[in-house]
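Structure at a glance
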Amino acid sequence: QQGGGEDFDSQLPTANGQLSIFPNPTTDATTIAISGVNGEVEITIVDMNGGTVATETMSCEGDCTKRMEVSTLAQGAYFVRINGDSINMVKKLIVK
């Protein structure tokens, strides 16, 4: 019987980070919640033409949230791109 396997697993970088955006659709602000991620994370909101309309960075220790103001954005669909050492995800955000 081997022991310590769990300890070894917990040191491996996780690639199964979770991303949720709420409320979505939104009119003024949205909260971006990330779980299962450690380290620096960059959040980029991109319009349908590929132009960056907002960028934020935050440091995550497992779970983190960032509230982003989107009231200045035109109505429409955007992509929220999350980039970090152990996460690379894109989700759609609707601004009404």
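Here the structure is shown first, and the text comes after it.
Residues numbered from 1 in each chain as written. Predicted model: local features only at pLDDT ≥ 70, side-chain atom pairs only at ≥ 80, totals over all residues. Heavy atoms only, no water.

In this structure, I32, I34, I43, I45, V80, I82 and L93 are the most contacted members of the largest nonpolar core, which totals 21 residues. Beyond its immediate sequence surroundings of up to four residues, I34 is in contact with Q18, L19, V41, M58, G62, D63, C64, I82 and I87. (Core = buried A, V, L, I, M, F, W, Y, C linked by side-chain atoms within 4.5 Å. Buried < 20%, exposed > 50% of the residue type's maximum accessible area, 1.4 Å probe, protein only. Contact = heavy atoms within 4.5 Å.)

Bringing the environment of E69 into the picture now. For E69, the position within the fold is in strand 3 (residues 52–69). For the pair formed by E69 and T30, sequence separation is 39 residues and the distance between their alpha carbons is 6.6 Å. Not counting residues up to four positions away in its chain, the partners in contact with E69 are D28 and A29. A distance of 3.0 Å separates the side chain of E69 from the side chain of S71, its partner in a polar contact. (Helix = DSSP H or I, 4+ residues; strand = E, 2+ residues; numbered from the N terminus. Polar contact = N/O pair within 3.5 Å; in protein donor to acceptor, adjacent residues only side chain to side chain.)

Before going further, it helps to spend a moment on the state of the cysteines. Scanning the entire structure with this criterion turns up 1 disulfide. Shown here is the disulfide that connects C60 with C64, its sulfur atoms set 1.8 Å apart. With the S-S bond torsion at 50 degrees, the cross-link from C60 to C64 turns out right-handed. The two residues C60 and C64 agree in class, both being buried. (Disulfide = S-S within 2.5 Å.)

Attention now moves to the pattern of salt bridges. Following the criterion strictly, the structure yields 2 salt bridges and no others. E56 is the partner of K66 in a salt bridge, and the nearest nitrogen-oxygen pair spans 3.5 Å. Since its relative accessible area comes to 31%, E56 is described here as partly exposed. With a closest N to O distance of 3.8 Å, R67 and E69 form a salt bridge. The class for R67 is exposed, based on a relative accessible area of 58%. (Salt bridge = Lys/Arg side-chain N within 4 Å of Asp/Glu carboxyl O.)

Turning our eyes to something else, we now look at the side chain of T44. Mapping T44 onto the fold places it in strand 2 (residues 29–47). Leave out the neighbours within four places in its chain, and T44 touches T52, A54, T55, F79, V80 and R81.

So, on to a nonpolar patch on the surface. Taken together, the side chains of M48, F79 and V90 present a nonpolar region at the surface, about 260 Å² in accessible area. Residue placement: V90 occurs in strand 5 (residues 88–95). (Patch = residues over 30% accessible without salt bridge, like charges linked within 9 Å, V, L, I, M, F, W, Y side chains within 5 Å. Areas by Shrake-Rupley, 256 points an atom, 1.4 Å probe, with all protein chains shown as cover.)

All we've got here are geometric facts, nothing functional implied.
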